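# Observations on the three-dimensional arrangement
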Amino acid sequence: MDVAVVGAGPAGAWAAYRLARAGARVTIFDGSHPREKPCGGGVTGRALSLVREALNGSPLQSTTIRAARFTNGPGDRHALVTLGERALEVMDRTRFDRALLDAAVHAGAALVAARVVDVTTTTHSIAVETRGATHAADFVIGADGANSLVRRRLSTPFTRAQLSIAAGCFARGVTSDEIAIEMVGDPPGYLWSFPRADHLAIGVCAQADAGVGAAALRQAAAHWIQRMRLASPSCRLDWYSWPIPSLSAHDLASQMIAGPQWSLVGDAAGLVDPITREGIYFAIASGGWAADAILSGRSAAPAYVDRVKDDLCAELGAASRLKEGFFRPAFTDLLLDGLQRSARIRAVMADLVAGTQSYRTLKWRLMGTLEVGLAGGAIKLLMGRKT
Ligand SMILES: Cc1cc2nc3c(=O)[nH]c(=O)nc-3n(C[C@H](O)[C@H](O)[C@H](O)COP(=O)(O)OP(=O)(O)OC[C@H]3O[C@@H](n4cnc5c(N)ncnc54)[C@H](O)[C@@H]3O)c2cc1C
């Protein structure tokens, strides 16, 4: 079995690593490395635990995050949530992605450092085209991110309503051991500052059809940097904007992410938390599962689709249903109250940041905090009801 993997971000590199380790013939296509992907670079403990062994010894230079500071607008009101040990590490994507790709190559994957310009299927094989060469494969994994060519060729492209747009910058020469998060009602979302070894990754995002473009988002981030004094006026800010898949529960359940000779993984499959925009864990998990399905020898597509839909899409769908309520000012006011007053609510939030609190059981966990007034009001607002 010859497997072509298009894209060497976390999803593609991890799929290639798992396949190559098991003895499959794998070719991974990506001409971009080394490169910094627009990203916070927050890698949760659950994501790292999947790849830790493969990365053993790679110099990642991560920042261990001690706490998350939450605000919900101008003013001094804030809440500090202490995170569990190694719940969240922040790192630059140049090194993290390169380390995963190196692991795949050491395991035996062949790297073609070129962009794929077309993918076509015939009854028995797949043709993967780069400029000047065509590679025949039995199976193709589309791990080529939010603008996925493989998705456009073999499934349906994301619509505008299925994307968020993120804008942000890397603020050079500043760091910290806290992440800062400001929850914003309009457009609904949050501003973030994630500290890395020698810079901050700062950004904001909004649903692409919310009527707010990248320029307005950059301006919002720039104002926040000034207001919060995150970086001095002389600090170099390197700006970017980039799409993030952000699918509804219905779209997650109904989209086509695999066929007899292909599968989509990571961002290309729309697997990003629509509230936190955490995507690295889902990229790695889905990349590994796509590899497992191919290696199982049974029909790869149903095995992969069932696993992703039963687990990841169910969880992301639950997040998507809560998303609208999550950034309402009435909810974020109540949440901030809860975070300031209750250690139990801070513990729930710490687990949400670490990705270990399921959205499917969030309501019950909040009820279990015994903060009856706070939790009850918060749940009503999350479920779209007025208190
Ligand atoms: C601003 C921002 C902040 C974010 N912050 C976080 C965060 O803090 N934590 C988190 O978990 N997630 C975060 N995310 C989401 C996270 O970045 C993605 O979910 C994650 O990178 C998805 O991994 P992937 O491997 O699917 O795709 P990618 O990481 O996008 O990798 C895709 C790869 O495919 C390559 N490629 C694309 N087209 C082709 C082609 N035609 N031929 C060959 N190669 C191709 C690209 O060069 C790239 O290397 C953030 C996203 C954004 C935009």
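A short tour of the structure in this document, coming up.

Calculation rules
- Residues numbered from 1 in each chain as written.
- Predicted model: local features only at pLDDT ≥ 70, side-chain atom pairs only at ≥ 80, totals over all residues.
- Heavy atoms only, no water.
- Helix = DSSP H or I, 4+ residues; strand = E, 2+ residues; numbered from the N terminus.
- Rg over C-alpha atoms; globule rule 2.2 N^0.38 Å.
- Buried < 20%, exposed > 50% of the residue type's maximum accessible area, 1.4 Å probe, protein only.
- Contact = heavy atoms within 4.5 Å.
- Near = heavy atom within 4 Å.
- Polar contact = N/O pair within 3.5 Å; in protein donor to acceptor, adjacent residues only side chain to side chain.
- Areas by Shrake-Rupley, 256 points an atom, 1.4 Å probe, with all protein chains shown as cover.
- 1 Å grid on protein atoms, 1.4 Å probe; cavity = no way out; pocket = protein on both sides within 12 Å on 5 of 7 lines; lining within 4 Å.
- Points joined across faces, edges and corners; volume = space filled by probe spheres on them.
- Nonpolar A, V, L, I, M, F, W, Y, C, P; charged D, E, K, R; others polar.
- Core = buried A, V, L, I, M, F, W, Y, C linked by side-chain atoms within 4.5 Å.
- Phe/Tyr/Trp six-rings, centres within 6.5 Å; stacked < 30°, edge-to-face > 60°.
- Lys NZ or Arg CZ within 6 Å of the ring centre and 35° of its normal.
- Pairing = 2+ DSSP bridges.
- Axes fitted to C-alpha atoms, helices over the stretch in contact; angles between N-to-C directions.

### Description of the overall build of the chain
- A count of helices and strands for the chain gives 12 helices and 19 strands.
- Its C-alpha atoms give the chain a radius of gyration of 21 Å, within 12% of the compact-globule value 21 Å for 387 residues.
- Projected onto its principal axes, the C-alpha coordinates of the chain cover approximately 60 × 45 × 40 Å.
- In the chain, buried positions account for 56% of the 387 residues.
- In the chain, 73% of the contacts between residues at least 6 apart in sequence involve partners at least 24 apart.

### Some thoughts on the site of the ligand
- Close to the ligand lie 37 residues, the nearest being Asp30, Gly40, Gly42, Val116 and Asp267.
- In this structure, Asp30 approaches the ligand through a side-chain N or O atom, which is 2.6 Å from an oxygen atom.
- Asp267 has a polar side-chain atom sitting 2.6 Å from an oxygen atom of the ligand.
- In the complex, 93% of the free accessible area of the ligand, which totals 1,000 Å², lies under the protein chains.
- If you list the elements that add at least two residues to the shell around the ligand, you get helix 1 (10-21), strand 15 (189-195), strand 17 (237-245) and helix 7 (280-295).
- Considering each element in turn, the shell around the ligand owes the most residues, 3 residues, to strand 17.

### Let's talk about empty space enclosed by the protein
- Inspection of the entire model under this criterion finds 2 cavities of 30 Å³ or more.
- In this model, the largest cavity occupies a volume close to 120 Å³.
- Surrounding the largest cavity, 15 residues form its lining, Phe331, Leu335, Ile345, Leu366 and Ala378 being those nearest its centre.
- Those elements that place two or more of their residues in the lining of the largest cavity are helix 9 (329-341), helix 10 (343-354), helix 11 (362-368) and helix 12 (372-382).
- Considering only residue class, the lining of the largest cavity consists of 14 nonpolar, 1 polar and no charged.
- One number sums up the size of the second largest cavity: a volume of about 70 Å³.
- Arg46, Asp273, Thr276, Glu278, Phe282, Glu315, Leu316, Leu352, Gly355, Gln357 and Tyr359 together form the lining of the second largest cavity.
- Across the lining of the second largest cavity, the residue classes break down as 4 nonpolar, 3 polar and 4 charged.

### Comments concerning the layout of surface pockets
- Quantified by volume, the second largest pocket comes out at close to 280 Å³.
- Around the second largest pocket sit 16 residues that line it, and Gln207, Ser246, Ser320, Lys323 and Glu324 are the ones nearest its centre.
- Looking at the lining of the second largest pocket element by element, the count peaks at 3 residues for helix 8 (residues 300-326).
- Of the residues that constitute the lining of the second largest pocket, the class distribution is 6 nonpolar, 6 polar and 4 charged.

### Quick look at the side chain of Ser155
- In this structure, Ser155 sits in the loop between helix 4 (149-154) and strand 13 (163-172).
- On the basis of relative accessible area, Ser155 is assigned to the buried category, the value being 12%.
- Here Met256 takes part through its backbone oxygen, which lies 2.8 Å from a polar atom of the side chain of Ser155.

### Here's the deal with the nonpolar core
- Counting residues in hydrophobic clusters, the biggest one holds 77 residues, and the most contacted among them are Phe96, Val140, Ile141, Leu271 and Tyr304.
- Looking at this core element by element, the count peaks at 11 residues for helix 7.
- Ignoring sequence-local partners within four residues, the contact set of Ile141 consists of Val3, Ala4, Val5, Val6, Ala15, Leu19, Ser263, Val265, Ala290 and Ile294.

### Thoughts on the packing of aromatic side chains
- Within this structure, the stated rule accounts for 7 aromatic pairs.
- Each ring, one from Tyr190 and one from Phe327, has its centre 6.3 Å from the other, and the planes form 20°; the classification is stacked. With Tyr190 in strand 15 and Phe327 in the loop between helix 8 and helix 9, the pair connects residues that are 137 residues apart, well separated along the chain.
- A relative accessible area of 10% places Tyr190 in the buried class.
- Feature note: the residues Tyr190, Trp192, Phe326, Phe327 and Phe331 constitute an aromatic cluster, connected by ring pairs.
- The ring of Tyr281 has Arg46 lying over it, and the distance from NZ or CZ to the ring centre is 3.9 Å.

### Things to note about the environment of Val116
- Along the chain, Val116 falls in strand 9 (residues 116-121).
- When neighbours within four sequence positions are excluded, Val116 is seen to be in contact with Val6, Phe29, Val128, Glu129, Thr130 and Leu149.

### Details of the environment of Ala253
- Residue position: Ala253 is located in helix 6 (residues 249-254).
- With 228 residues separating them in the primary sequence, Ala253 and Arg25 have C-alpha atoms 31 Å apart.

### Looking at the sheet that holds strand 18 (residues 258-259)
- Read from one edge to the other, the open sheet built from 6 strands follows the order 8-2-1-12-19-18, with strand pairing classed as mixed. At either end of the open sheet lies a strand with only one pairing partner, and these are strand 8 (110-112) and strand 18.
- Bridge analysis of strand 1 (residues 2-6) against strand 12 (residues 139-142) gives 4 bridges, and the strand direction is parallel. Bridge assignment links Ala4 to a residue of strand 12, and that residue is Val140.
- Strands strand 1, strand 2 (25-29) and strand 12 of the sheet are contacted by helix 1, whose axis makes an angle of about 165° with strand 2.

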